[in-house]
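So you can see what is in the structure, the chains are spelled out below.
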Amino acid sequence: MLNALLDLYKSSSSKTPLERFTTEIFCGVLRSDESLLNIFLQEFAGIEEKNANFKICTEKTYNNSRIDIVFKNDDYLIFLEAKVNSKENNGNQLETYASILKIQNKKSILLYCTKHPEPKDQSIYSPVRFKSFLWNDIYILLKNHSHFQNKTLVNYFLEYLEKQSMIRNTYFSIEDLAIIHRLPIIVKSLDDLMQQVKPLFIRYFKKINENNSLDNNLGQIYKNTRYGMVRHHLFKGDTKKSDYSSLYAHIEIDKNNPANTKVVLNLWIDRSHINYDLITQDLKNGKSYLPNFIENETEEEYEVIFEESMSNFQSMQHQFLAIEQWYEEKMSALHKYMTHYSQLEWDANKI
């Protein structure tokens, strides 16, 4: 049911706030059962008091900072920052939240929930108590606790976490063992393909940021389910750390449906970019020059996406060459738009 609601939202809006959607669902589940809320706070916040009458708020503002989830009662104030496909904003978001909690006249706790592990130095947030955990930890708690078995809403939420790839395997299946010996071969093939595309990327966009490119192959596959190359900071004036813009050429791996693996060229702009509105409007105006691209806008980002299913190359005798030609066509079109039709100040020394 929850996955169907998300699909409906995606089909009717260009903005898909996945983190906001997930946060509201999770809070709805917690509000549905006071015992569930007590067990959650005991497990992750160390609250031993039963029936402590916690109130749950979402998108609550403190000192101009918008907190994803706030739990509060007469004694405690707890902030929970929840991430799905993103990381801590600007690297100091949690420190800001801790500084807000320090001046509150209550017992303060800072919680951080992510999809992938993000090690944090707890001493930075002292004396505020800090704990980080994964959506997978929440999944395990709900899945295994006897109190939640056969709870319909909890089961819907568990299915949602599974479908959104927010849980981690803790075992090897027979299928895993059957293909594990091929992993080095598969990774080598991905590397060979992208090394073939690499000269095109450099020709049109002048450089690759090596810290997130072919040299980091396994990390890309594990964390981002993709493999390829990236070039950051595409615009003049992109000197601030917060001015995120990136161009990716990669193979996007669908863990739930291997047949849906895609070849992708993706131009990405973070909403925090100082020229976000100018950039997005320019790209939207360029649709006639950039045919057949997908436009995706969420609360966090704007994307121009060219993609093709890998299955469409399956029957071709020379798959790598066909994929290289596909990239040639898309990169050439994007480069021509940047240099001839766009009103933006692209970094002239590099584009």
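Preceding this paragraph is the structure being described.
An account of the accompanying structure is given in this report. (Residues numbered from 1 in each chain as written. Predicted model: local features only at pLDDT ≥ 70, side-chain atom pairs only at ≥ 80, totals over all residues. Heavy atoms only, no water.)

Regarding the packing of helix H2 (residues 18–31) against helix H6 (residues 152–163)
Then step 1. It is at 10 Å that the axes of H2 and H6 come closest, and there the two elements cross at 155°. Taken together, the axes of H2 and H6 are roughly antiparallel relative to one another. Here H2 and H6 pass one another in a crossing that is left-handed. The residues of H6 that touch H2, namely those facing Leu18, Phe21, Thr22, Ile25, Phe26, Gly28 and Val29, are Leu153, Val154, Phe157 and Tyr160.
Then step 2. Residue classes in the contact of H2 with H6 are distributed as nine nonpolar, two polar and no charged. (Axes fitted to C-alpha atoms, helices over the stretch in contact; angles between N-to-C directions. Helix = DSSP H or I, 4+ residues; strand = E, 2+ residues; numbered from the N terminus. Parallel < 35°, antiparallel > 145°, perpendicular 65-115°, else oblique. Left-handed = near helix turned anticlockwise from the far one by under 90°. Contact = heavy atoms within 4.5 Å. Nonpolar A, V, L, I, M, F, W, Y, C, P; charged D, E, K, R; others polar.)

A word on the sheet that holds strand E3 (residues 76–82)
Then step 1. The five strands lie next to each other as E1-E2-E3-E4-E5, forming an open sheet whose pairing is mixed. What marks the edges here is a single partner per strand, and that holds for strand E1 (55–62) and strand E5 (129–134). Adjacent strand axes in the sheet meet at a mean angle of 30°, parallel and antiparallel pairs treated alike.
Then step 2. By the bridge criterion, four bridges tie strand E2 (residues 65–72) to E3 in an arrangement that is antiparallel. (Pairing = 2+ DSSP bridges.)

Here's the deal with the pairing of strand E8 (residues 262–270)
Then step 1. When you tally the buried positions in E8, you get nine out of nine residues, the bulk of the element.
Then step 2. Neither face of E8 is open: one carries Lys262, Val264, Asn266, Trp268 and Asp270, the other Val263, Leu265, Leu267 and Ile269, and all of them are buried. (Buried < 20%, exposed > 50% of the residue type's maximum accessible area, 1.4 Å probe, protein only.)

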